[in-house]
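Results of the structural survey
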Amino acid sequence: MIMKNKYIVFLFLTTFTFLNSFCQSKEIDQIKCKDILQKVSSSFQKNTSSKFNFKLEISSEDINEIQDGFAFIKDKKYYYKTEEREVISDGINIWTYLPEDNECYIDLLADLDNPINPSEIFTIWKEGFKFRYIKKDVIENELIHTIKMYPSNPDKSKYHTIVMTVNETLNTIVQASIKTKDGVTIKTTINSMIGNPKMNANQFIWEINNYPNVDEIDNR
């Protein structure tokens, strides 16, 4: 009986030690990931505006698109252009121009389920996520981290998982792969970035005079 009791005590202490170490490891992961991502956000937000060149990959059961483009961002406003579309938002409205059809769809941002905001990848981590540190690499003398993010409350989130690749040496996002719960994966790879670039005065406003004979479809 004494030997049995000793075994039970040993098993309890071993389990407790394992669980305690596991919890401490998870807590360290949260702190480490947040620290890395905060440096990226701080570096991004120190500029009043930004421009970056990117590769955008969108995939689902019905979609398989790969596009190159560039984006301008200022506060909640953004503009981006790819081979297939030109998207402009003043933070309230969003204009989506499709050159092939010469059509422009006009919507309220609040009415769209998954609008692609290029600036989102720099700040999305701040609310509603838990983190897991995956790995680090050194590529051409630059420190690269891979971080996986999960919604803290999955039932209320539109996201399934997000994988961030971060260049700590340059304090920027290399790649963000966002998987939504409806099966869409949006992968953005940033090729280059410029802080406080030159922009047109009306960069974030739809100027219909610049698009001859365009057919506007206003859904507001």
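Residues numbered from 1 in each chain as written. Predicted model: local features only at pLDDT ≥ 70, side-chain atom pairs only at ≥ 80, totals over all residues. Heavy atoms only, no water.

A look at the overall build of the protein
Cut-off, in case you're wondering: Each helix is a run of DSSP H or I of at least 4 residues and each strand a run of E of at least 2, with the numbering of both proceeding from the N terminus. Buried means the residue's accessible area, taken with a 1.4 Å probe over protein chains only, is under 20% of the maximum for its type, while exposed means over 50%, and partly exposed covers the values in between. We call two residues in contact whenever any of their non-hydrogen atoms come within 4.5 Å of each other.
On a plain count of helices and strands, the protein comes out with two helices and twelve strands. Ordering the α and β elements of the protein from the N terminus gives α-β-β-β-β-β-β-α-β-β-β-β-β-β. Scored against the burial criterion, the 220 residues of the protein give a buried share of 36%. A fraction of 48% describes how many contacts in the protein between residues 6 or more apart in sequence connect residues 24 or more apart.

Describing the pairing of strand 2 (residues 64-74)
Put simply, the rule is: Should DSSP find at least two bridges between two strands, the strands are taken to pair.
With ten bridges connecting them, strand 1 (residues 50-59) and strand 2 associate as antiparallel partners. Residue pairing in the sheet places Phe52 in a bridge with Ala71 of strand 2. Here strand 1 hands over to strand 2 after four residues, the two strands then running antiparallel side by side. Of the pairings in the sheet, the one linking strand 2 to strand 3 (residues 77-82) comprises six bridges and is antiparallel in character. Along strand 3, the bridge assignment pairs Ile73 with Tyr78. Counted between consecutive antiparallel strands, the loop separating strand 2 from strand 3 contains two residues, among which Asp75 sits at a positive phi close to 55 degrees.

Here's the deal with unusual backbone geometry
Positioned with a positive phi, Asn102 is a non-glycine residue whose angle comes to about 50 degrees. In this fold, Asn102 is placed in the loop between strand 5 (93-98) and strand 6 (103-108). The class for Asn102 is partly exposed, based on a relative accessible area of 23%. Even without being glycine, Asn213 reaches a positive phi, approximately 60 degrees. Within the secondary structure layout, Asn213 lies in the loop between strand 11 (185-195) and strand 12 (215-218). Judged by relative accessible area, which is 75%, Asn213 ranks as exposed.

Some thoughts on the confidence of the model for the protein
The predicted structure's coordinates, where accompanied by low pLDDT, should not be read in detail. To keep things clear, this is the line we draw: For every residue, the predictor reports its confidence as pLDDT, a number between 0 and 100.
Looking at the protein, pLDDT values average 86 and 88% of them are 70 or higher. In this model residues 10-24 is a low-confidence stretch, pLDDT under 50, and it forms zero contacts with partners more than four residues away in sequence or in other chains.

Remarks on the packing of aromatic side chains
Under the convention used in this document: Only Phe, Tyr and Trp rings take part, Trp by its six-membered ring, and two of them pair if their centres are within 6.5 Å. Stacked means planes under 30 degrees apart, edge-to-face means over 60, and tilted covers everything else. For a lysine, the NZ atom is tested; for an arginine, the CZ atom; a charge sits over a ring if that atom is within 6 Å of the ring centre and within 35 degrees of the ring normal.
All told, the structure shown has twelve aromatic pairs when counted by the stated rule. An angle of 65 degrees between the planes, with centres 5.9 Å apart, marks the rings of Phe52 and Phe122 as edge-to-face. With Phe52 in strand 1 and Phe122 in helix 2 (residues 120-123), this pair connects stretches of sequence that are 70 residues apart. Judged on exposure class, the residue Phe52 and its partner Phe122 are both buried. Relative to Trp206, the ring of Tyr97 lies with its centre 5.9 Å away and its plane at 45 degrees, an arrangement referred to as tilted. Here Tyr97 is found in strand 5, whereas its partner Trp206 is found in the loop between strand 11 and strand 12, with 109 residues between them in sequence. Just as Tyr97 is buried, Trp206 falls in that class too. Between Lys32 and the ring centre of Tyr133, over which it is positioned, the NZ or CZ distance is 3.8 Å. The residue whose ring lies beneath Lys51 is Phe70, and the NZ or CZ to ring-centre distance is 5.2 Å.

Concerning the pattern of salt bridges
Put simply, the rule is: One side-chain nitrogen of Lys or Arg within 4 Å of one carboxyl oxygen of Asp or Glu is enough to make a salt bridge.
For the structure on display, the rule yields five salt bridges. The closest approach of N and O atoms between Glu168 and Lys39, which form a salt bridge, is 3.4 Å. Highlighted residues: Glu168 in the loop between strand 9 (159-167) and strand 10 (172-180) and Lys39 in helix 1 (residues 2-45), separated in sequence by 129 residues. A residue is classified by how much of its surface remains accessible, and Glu168, at 23% relative accessible area, is partly exposed. For Lys39, a relative accessible area of 34% gives the class partly exposed. Between Glu65 and Arg85 there is a salt bridge whose closest N-O contact spans 3.3 Å. Placement of the pair is Glu65 in strand 2 and Arg85 in the loop between strand 3 and strand 4 (86-89), with a sequence separation of 20 residues. One network of salt bridges, in which partners are shared, links Asp35, Lys39 and Glu168.

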